[in-house]
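# Report on the structure
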Amino acid sequence: MRLQRPRAARRFGARSAAVLITTVLAVGVPFPSVGADGPDERPSSLVDPLIGSANGGNTYPGATLPYGMIAWSPTSTTGDQTSTGAANGYQYGVTRIRGLSLTHVNGAGCNPGAAGDVPIMPFVGDVTSSPSADTKDAVYAADFTHADEKATPGRYTLGLASGASADLAVGERAGVADFTFPADRPANLLFRVSNSLNGSEDAHVDIDAAHRRVTGWVLTGAFCGRRANGGVNNRKSYYKLYFSASFDRAFSSAGTWKDATLSPGSTSASGGEGYATGADRAGRGSGGWVGFDTHSDNDVHMRIGISYVSLGGAEANLREEIPGHASVRQVADAGARAWDRELAAVRVRGGDTARRQTFYTALYHALMQPNLISDADGRYWGMDQRVHRLARGQRAQYSDFSGWDQYRAQIQLLALLKPTVAGDFAQSLYNFARQNGGVWDRWVHISGATHVMTGDPSAATLATFYAMGVRNFDYEGAFDSLVRQATVPHPDGLSDAGCPGQCVGQRPNLAQYLSSHYAAQDVCHCWGGAAETLEDAVADSALARWTRLLGRDTKAKVFTERAGYWRNVFDPATGYVRARRLDGSWVTPFSPGSDLGFAQGTSATYTWMVPQDVQGLAEAMGGREAAATRLDGFFHNADGSWSVRGGDPLRYDPTNEPGIHAPWLYNALGQPWKTQATVRRIVDTVYGTGPSGLPGNDDLGTMSAWYVFSALGVYPQTPGTATLLLGAPLFPAAVVDRPGRADLVITAPRADDTHAYIDAARLDGRPLQQSWTDAGLLRTGGRLDFRLTEQPNTEWATNPGTLPK
């Protein structure tokens, strides 16, 4: 079964019978024509894949397609073959590589991150020793400069100081490369089959000189398997990546290696590296190389396919996607067109080039995942470590679910822009749960349950998909399964395996939680009891809302009550969320800047993590005015200056997820102009162009999705709903193309660097005096008209009766 391509977006400016979100206020002002800012400007031309490759963004610059299986990008080295100096294989400041790897994950935070499978290294010189024995990457690696590097959507080129170069382009599951070598020196390609970012359990390579082919596989996994907080629990394999590479010319030499032993002329080798790091792993592993006579022709053309199912699957994927005569340029052009189709889901007009580049790169990063793991014939490797076929009506099996991160923004953007992909993703996660004994893992990589982070993000994710109109998945079955996970204790919930950070229990110590109505720090078997309570309350709120949409009101009452359990970890005496023991006492000592009881955050940040009940939180803080004053202190220093770049445990941290919704809380507190000012400050100072243009880990598109929403002037209020909070758009006009549904059009004629505030608004031509829209906007459409101004309007959308709940 071949995946259907999403339909091409309608010509920009075309209007369906339907929905327009506009942002022009005055009645009688005509809707401006909306088109690209130049007749030849394509969305893909505005993308810079290097954005986020520094400053801890952990993006990768290599060649990939939307939701692609293959992601061909460099693996860098800082002189340690068991590490890369970066969480996902590439860091802008590291200019030495040991290969170009076939798989990557965008923006994950564990260092090393995930995948980075089968680095392929163009090596200039004779292979005289085992590359695995080159533990310092002193010989079989090469320097480069960024002047010799170019990254565009679907294509990556790199020139090395050795004189070799690589030009890569990809389909969804296959790729093509031109490797160029100096004509007067030995030319070799190294296939470092065991050298995945996290190591490997086993690996294998075969060289078939008669058919000019190199094939092999690596058995690996171990995402976050080397980090201290629970990582030992994840030093295990859960997928095998197969590859098949074919060449347009004969090999002049070949050989293999295992550990320190080099075997010239050998055509087969096996051996893994293990999952340790440093001296415990250095020098282990296997691979092979092929050499070429480049005296008269120094260009080597290679086609390669990959699969998580079988070698035959890799070869079939290659045949399906990369014709034998295809050049790198042809494949790259097709890839750019594929990205143009995806990125055309949102077309913006106006703003300077830097704004548009930041926007389209953020959209690019947000639409890189989920990632295909099913072959062209519909087969995929399941979480039960068996081969499966796609469910009826499902177009693709997707994976790479960074749930704790994604459920806050990326999931909502996917549902808004790509509902069919969202539905296939929902079905994929449900498939995995059924293959995993009914357990929905919170961080799924390929076919592995990694248990990373905390809470129950699957419930929040699928409830959000349903609320936003996604229906192409078995939502009844998925709902029942998620309710079971939230109500029936599982033996894993009493295990401390992997804790903290990767606790195996997905609803840890559920029986105690249901009895105490909070996760007790001393017996919770979780990363942090206070964080677990807040996360579960958000998930239960989402389930309650989903329950109502399904007409199951009895269950809705139960989950609505559980959504309020956040109150049981809010300490009125201090005004902060805190960890509690089973006996009800507060864990001491306490400081708002402490992370005791929390996961990757402090009490000062997590106290705001009640998006499902902002009015209740405000009441607990002494009322909306008091809460707003406290929120002011979260974004400002004592002298009134901004504090939105992170680094202060008492204030806003834009680099991690627990507080990224906080700038939008002012809408519910009756001071929406402060949301507008705060969001504008963040997008102007924390995001931007260049390698440092992301504030921190992109976390599979989450930080990028936050920017996309903020730039459009809307933001999802809380998981499990289709409610959008309103802010001030960055662009004068934007059109959101929604396949099979009415388009959304957003315009703000005065939008520029100085007009950061909403002065007035209309909905369907009628004055709008609230800072949010309900689900009807996405369901049936409507027209929003904003007039922006340079000074805050402190009267608009402040009526207590019209505030978001």
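Right above here is the structure, for reference.
Below or above, wherever it landed, is the structure these notes cover. (Residues numbered from 1 in each chain as written. Predicted model: local features only at pLDDT ≥ 70, side-chain atom pairs only at ≥ 80, totals over all residues. Heavy atoms only, no water.)

### Some details on the pattern of salt bridges
Tallied over the entire structure, the rule returns 29 salt bridges. In this structure, the salt-bridge partner of Asp297 is Arg249, at a minimum N-O distance of 3.9 Å. Here Asp297, found in the loop between β16 (286-292) and β17 (299-307), pairs with Arg249, found in the loop between β12 (237-247) and β13 (253-258); they are 48 residues apart in sequence, far enough to count as distant. Residues Arg552 and Asp480 are paired through a salt bridge, measuring 2.6 Å at the closest nitrogen-oxygen approach. A residue pair is termed long-range when its members are at least 10 positions apart, and Arg552 in the loop between α10 (529-549) and α11 (553-563) and Asp480 in helix α8 (residues 475-487) qualify at 72 residues. (Salt bridge = Lys/Arg side-chain N within 4 Å of Asp/Glu carboxyl O. Helix = DSSP H or I, 4+ residues; strand = E, 2+ residues; numbered from the N terminus.)

### Looking at the sheet that holds strand β30 (residues 733-736)
Spatially, β18-β30-β31 is the arrangement adopted by the 3 strands of the open sheet, whose pairing is antiparallel. Because the sheet does not close on itself, it has two edges, and the strands there are β18 (346-349) and β31 (744-747). Strand-to-strand twist of the sheet, defined as the mean angle between neighbouring strand axes without regard to direction, takes the value 10°. Two strands pair when backbone bridges link them, and β30 and β31 are joined in this way by 4 bridges, in the antiparallel orientation. Bridging from a neighbouring strand, Val736 pairs with Leu744 of β31. (Pairing = 2+ DSSP bridges. Axes fitted to C-alpha atoms, helices over the stretch in contact; angles between N-to-C directions.)

### Structural notes on the state of the cysteines
Scanning the model with the defined rule gives 3 disulfides in all. Across the disulfide, Cys110 is cross-linked to Cys224 (sulfur-sulfur distance 1.4 Å). Of note, the bridge from Cys110 to Cys224 carries an S-S torsion of about 70° and is right-handed in sense. Of the two residues, Cys110 sits in the loop between β3 (96-101) and β4 (120-124) while Cys224 sits in the loop between β11 (213-221) and β12, which places them 114 residues apart along the sequence. Take Cys110: its relative accessible area is 5%, and that puts it in the buried class. Cys224 sits in the buried class, given a relative accessible area of 2%. (Disulfide = S-S within 2.5 Å. Buried < 20%, exposed > 50% of the residue type's maximum accessible area, 1.4 Å probe, protein only.)

### Comments concerning the layout of surface pockets
Empty space within the largest pocket amounts to approximately 560 Å³. Lining the largest pocket are 27 residues, with Ala467, Leu549, Gly720, Thr721 and Ala722 sitting closest to its centre. Elements with a minimum of two residues in the lining of the largest pocket: α7 (457-467), α10, α11 and α17 (776-779). If you tally residues by element for the lining of the largest pocket, the top one is α10, at 5 residues. (1 Å grid on protein atoms, 1.4 Å probe; cavity = no way out; pocket = protein on both sides within 12 Å on 5 of 7 lines; lining within 4 Å. Points joined across faces, edges and corners; volume = space filled by probe spheres on them.)

### So, the packing of aromatic side chains
All chains considered together, the criterion is met by 32 aromatic pairs. Look at Trp566 and Phe570: their rings are 6.3 Å apart centre to centre, the planes differ by 80°, and that puts the pair in the edge-to-face class. Each member of the pair, Trp566 together with Phe570, is buried. Members of the aromatic cluster, each reached through a chain of ring pairs, are Phe191, Phe243, Phe247, Phe251 and Phe292. (Phe/Tyr/Trp six-rings, centres within 6.5 Å; stacked < 30°, edge-to-face > 60°.)

### Topic: the packing of helix α5 (residues 410-417) against helix α6 (residues 419-435)
The contact between α5 and α6 brings their axes to 5 Å, and the two run at 125°. One finds that α5 runs oblique with respect to α6. Residues Ile411, Leu414, Ala415, Leu416 and Leu417 of α5 pack against Pro419, Val421, Ala422 and Phe425 of α6. (Parallel < 35°, antiparallel > 145°, perpendicular 65-115°, else oblique. Contact = heavy atoms within 4.5 Å.)

### Regarding empty space enclosed by the protein
Taken as a whole and assessed by the stated rule, the structure comprises 14 cavities of 30 Å³ or more. Approximately 130 Å³ is the volume found for the second largest cavity. Along its surface, the second largest cavity is lined by 15 residues, and Tyr407, Arg408, Pro611, His661 and Pro719 are the ones closest to its centre. The class makeup of the residues in the lining of the second largest cavity is 9 nonpolar, 4 polar and 2 charged. (Nonpolar A, V, L, I, M, F, W, Y, C, P; charged D, E, K, R; others polar.)

Without other data, these values stay purely geometric and don't point to any function.
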